[in-house]
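# Architecture and fold: a report
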Amino acid sequence: MKDFFHLLKRFVPPYKNYLILNIVMNFLSALLTLASFYVVMPMLNMLFEIETVSYAYIPFDFFSGDSWAHLKDILENNFSYYIAQIINTYGGSAALLVMALYLVIGTIFRTASMYLSAYFMIPIRTGVVRDIRNRINEKILSLPLAFFSEERKGDILARISGDVNEIEASVMSSLDMLFKNPILILVYLTGLFLISWQLTVFALLMLPIAGYIMGQIGKKLKKRSAEGQQQWGGLMSQIEETLGGLRIIKAFNAEEKIAKRFQETNEVFRKITNRIFRRQQLAHPMSELLGTIVIAIVLWYGGTLILNENSSISGAGFIFYLTIFYMIINPAKDLTKSVYSIQKGLASMDRVDKILKAESDIIDPIHPIPIALDKQITYKDIRFRYKEHWVIKGISLTIKKGQTVALVGQSGSGKSTMADLLPRFYDMQEGRITIDGVDVRNTKVHDLRQLMGIVNQEAILFNDTFFNNIAFGVKDATTAQVEEAARIANAHEFIIASEAGYDTNIGDRGCKLSGGQRQRISIARAVLKNPPVLILDEATSALDTESERLVQDALDRLMQNRTTLVIAHRLSTIRHADLICVMHEGEIVERGSHEELMAKNGYYSRLCEMQSF
Ligand SMILES: Nc1ncnc2c1ncn2[C@@H]1O[C@H](COP(=O)(O)OP(=O)(O)OP(=O)(O)O)[C@@H](O)[C@H]1O
Ligand SMILES: [Mg+2]
């Protein structure tokens, strides 16, 4: 339960006004319930002549301490006096009518306050869940890329959807019960104490035992739920992978294999869910049983008290007592039920916290230095590894302003990694990258990335229009600017040929476009941003000659007058680069211009030879 209150402390404070209103309304409804029964009992007593005492009116003196001390007695007495008056003057039937009216009016107020308490709880529930989702999303945007190579995408999706829903369903709905029921129980118990404290103390002694039994069952539930949600995350991951890889799955006739893998995970999930639900269902019968045992004992003990000659409690009082006591059973049951679902919800909260509490190690420095490129970008003795293996093994490289520097080399030699270090997608373990002498880690990440335009190895597009995909990194881009960028990128023609021109939706990740078209859109995006530094990770996918010429043309125009780090697979792209670095297993093994490297007759000339085939 400590975790639960911790959770409340984290998320509920913005809504504390609603909470206060909710609590006030709960108190009101509990008091009104008590009052209805409290009044009805003595009325019935008199009507059916169970009691035959005659009452005399006692005047209340506001200035006498004595009157205040006997407030309860005086009120009760005078109330009975009025009832007796009504019965004597108008007869029993009229008195019953008064009682019935009183009950109806009382109930109107009671239910109204019950409704209002729920009414004020709703904005808290929905608000907290909204806040959690927003926080996860913000966190995902701020976490470094490295975090996501560790976590599976589907699992993250499961946390945003499934786990947050679970928190909403269990913790938040329990919140309602958790504030209502203790208040009800508290008010009713106070009533019970007023009627007979001996009986109540006796009944209370049994509560801790019942509570302990219920708690034991709840404990295991949390662990099981965690397993369940994890399995659910696995399922989501598989669906995510299936959706992404549908083309390959079909091409390799792997439907059956994928279906089987899914069924197995799904089956495990079902088994865990079975156990969770079964245990959860235990809550109801267990509390029913324990509640009845407590009542039975109270009945026996209370009855014995009355049967005793000098008992402090009357027969009518005992019936009233049992009525109230019985009314405690329901809130107590609800309370245990909510303790159970809270356990389930807390397991989900733990999973959500894995994201919320993940630390980002790529953060802004405390005293950031402004950054601009006037002279050069320098990589100095860079060593980098994703996990154990060093991927970059001591590279130094200088890119002067306005130059084009190309990285070539076999697949997996670390070219994309080199490029990723510059905008701090990853931070290197050793060495440093400086721009005009300023370490990239000493400036704001935002300012650093503002300097750069990136065209990725795989064109990354969003399910949106051409216009919005091109204008992605620029605020308030005009139509003219976007069109200009598209023209430079050789994209204008095919965009206006599409059904709605720039407002055409390009589908999920641009699936309605060809590979070359996708690349040209992402080039147009970089053109529009017009950054001083360009990072170009050329696509490996082979384009047909026509498409290749268009893309190449676009790239050439993009690279003009810019400082460019280009990763090239087609060596024709970089024939005119100022410097070509050949990478091999995390090291630069050759560097120079195209002519110099060809003359060397080493790695580069061999690469060129292979490509001319
Ligand atoms: N997110 C990652 N986690 C762990 N290892 C990675 C990750 N990304 C890349 N690697 C490893 O780092 C090495 C270099 O990868 P990199 O992407 O830099 O190669 P590359 O030269 O760009 O290759 P390609 O020409 O195929 O694009 C590879 O061995 C790869 O397995
Ligand atoms: Mg690469």
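Reading guide: rules and limits
- Residues numbered from 1 in each chain as written.
- Chains lettered and ligands numbered in written order.
- Predicted model: local features only at pLDDT ≥ 70, side-chain atom pairs only at ≥ 80, totals over all residues.
- Helix = DSSP H or I, 4+ residues; strand = E, 2+ residues; numbered from the N terminus.
- Contact = placed C-beta atoms within 7 Å.
- Near = placed C-beta within 6 Å.
- Nonpolar A, V, L, I, M, F, W, Y, C, P; charged D, E, K, R; others polar.
- Core = buried A, V, L, I, M, F, W, Y, C linked by C-beta atoms within 7 Å.
- Buried ≥ 20, exposed ≤ 12 C-beta atoms within 10 Å, placed from the backbone.
- Pairing = 2+ DSSP bridges.
- Axes fitted to C-alpha atoms, helices over the stretch in contact; angles between N-to-C directions.
- Domains from an automatic or database assignment.
- Expected span 1.5 Å × (residues − 1).
- Parallel < 35°, antiparallel > 145°, perpendicular 65-115°, else oblique.
- Left-handed = near helix turned anticlockwise from the far one by under 90°.

When helices and strands are tallied, the protein chain shows 19 helices and 10 strands. Its C-alpha atoms give the protein chain principal-axis dimensions of roughly 125 × 50 × 50 Å. Residue pairs at least 24 apart in sequence account for 80% of intrachain contacts in the protein chain once pairs closer than 6 positions are excluded.

All residues in the neighbourhood of ligand 1 are listed as S149, Y386, K387, V391, S411, G412, S413, G414, K415, S416, T417 and Q457. Looking at the shell around ligand 1, the element that brings in the most residues is helix α11 (residues 415-421), giving 3 residues. Its residues assigned to classes, the shell around ligand 1 shows 2 nonpolar, 8 polar and 2 charged.

If you look at the biggest cluster of nonpolar residues, it comprises 66 residues, and the most contacted ones within it are A406, A524 and I580. Top contributing element to this core by residue count: helix α16 (residues 515-529), with 6 residues. Excluding anything up to four places from it in sequence, A524 contacts I470, A485, A486, A489 and A491. In this structure, L175, I276, L335 and M349 belong to the second largest nonpolar core, which totals 47 residues.

A word on the sheet that holds strand β4 (residues 430-435). The strands making up a sheet associate through backbone hydrogen bonding, with each pair oriented either parallel or antiparallel. Across the sheet, 4 strands lie side by side as β2-β1-β4-β5; this open sheet has antiparallel pairing. Edge positions in the sheet fall to β2 (390-400) and β5 (438-439), since each has one partner strand and no second. In this sheet, β5 lies alongside β4 in antiparallel orientation, the contact comprising 2 bridges. Counted as the bridge partner of T434 is D439 from β5.

A few words on the environment of A210. By the secondary structure assignment, A210 is in helix α8 (residues 197-251). Overall, A210 belongs to the partly exposed group, with 18 C-beta atoms counted inside 10 Å. When neighbours within four sequence positions are excluded, A210 is seen to be in contact with L290 and V294.

Overall, mixed pairing links the 6 strands, which are arranged β6-β7-β8-β3-β9-β10 in an open sheet. If you trace the sheet from one side to the other, it starts and ends with β6 (452-455) and β10 (587-592), each paired once. In this sheet, neighbouring strand axes are inclined to one another by 15° on average, regardless of whether the strands run parallel or antiparallel. Strands β6 and β7 (533-537) of the sheet are contacted by α16, whose axis makes an angle of about 175° with β6. Relative to strand β9 (residues 579-584), helix α19 (residues 603-612) is tilted by about 90°, and along the sheet it contacts β3 (404-409), β9 and β10.

A few words now on unusual backbone geometry. The backbone phi angle of N561 is positive, close to 55°, even though this residue is not glycine. Tracing the sequence through the fold places N561 in the loop between α17 (545-559) and β8 (563-567). Take N561: there are 7 C-beta atoms within 10 Å of it, and that puts it in the exposed class. Look at N601: it is not a glycine, yet its phi comes out positive at around 60°.

This part takes up the domain arrangement of the protein chain. Here the protein chain is partitioned into domain 1 (2-356) and domain 2 (376-612). Of note, the centres of domain 1 and domain 2, computed from C-alpha atoms alone, are 59 Å apart.

Side chains three or four residues apart in an α-helix point the same way, a direct result of the helix having 3.6 residues per turn. An ideal rise of 1.5 Å per residue puts 75 Å on 51 residues; helix α5 (residues 92-142) measures up with 75 Å between its terminal C-alpha atoms. The set of residues buried in α5 consists of A95, R110, S117, F120, M121, I124, V128 and I132.

With that out of the way, let us pick up the pairing of strand β1 (residues 376-385). Both β1 and β2 contribute to a ladder of 8 bridges, which runs antiparallel. If you follow T378 over to β2, its bridge partner there is T398. Between the end of β1 and the start of β2, which pair antiparallel, lie 4 residues. Taken together, the 5 bridges between β1 and β4 define a ladder with antiparallel strand orientation. Across the sheet, T378 pairs through a bridge with T434, a residue of β4.

The next point concerns the packing of helix α2 (residues 16-47) against α5. Geometrically, a packed helix pair is captured by the angle between its two axes and the distance between the axes. As a packed pair, α2 and α5 sit with axes 8 Å apart at the nearest point and diverge in direction by 165°. Considering their axes alone, α2 and α5 lie roughly antiparallel with respect to each other. Once α2 is placed against α5, the crossing between them reads as left-handed. By residue class, the composition of the contact of α2 with α5 is 23 nonpolar, 9 polar and 1 charged.

By the element assignment, A259 lies in helix α9 (residues 255-307). The spatial distance from the C-alpha of A259 to the C-alpha of Q238 is 9.8 Å, given a sequence separation of 21 residues.

Once that is clear, we can look at the packing of α5 against helix α7 (residues 153-195). The geometry of α5 relative to α7 is characterised by a closest axis approach of 10 Å and an angle of 155° between their N-to-C directions. As summarised for this structure, α5 and α7 are arranged roughly antiparallel, according to the angle between their axes. Read as a crossing pair, α5 and α7 show a hand that is right-handed. On α7, the residues touching S117, A118, M121, I124, R125, V128, V129, I132, R133, I136 and I140 of α5 are I156, R159, I160, V164, I167, E168, M172, L175, D176 and K180.

In this model, α16 (15 residues) spans 22 Å end to end at C-alpha, consistent with the 21 Å of a helix rising 1.5 Å per residue. Counting buried residues in α16 gives 13 out of 15 residues, a clear majority hidden from the surface. Once α16 ends, the next one or two residues include N530, with phi positive near 50°.

With respect to the helices, strands and loops of the structure, I324 is situated in helix α10 (residues 315-356). Considered as a pair, I324 and K9 are 315 residues apart in the sequence and their alpha carbons are 33 Å apart. Those residues in contact with I324 that sit more than four places away from it in its chain are F37, Y188, G191 and L192.

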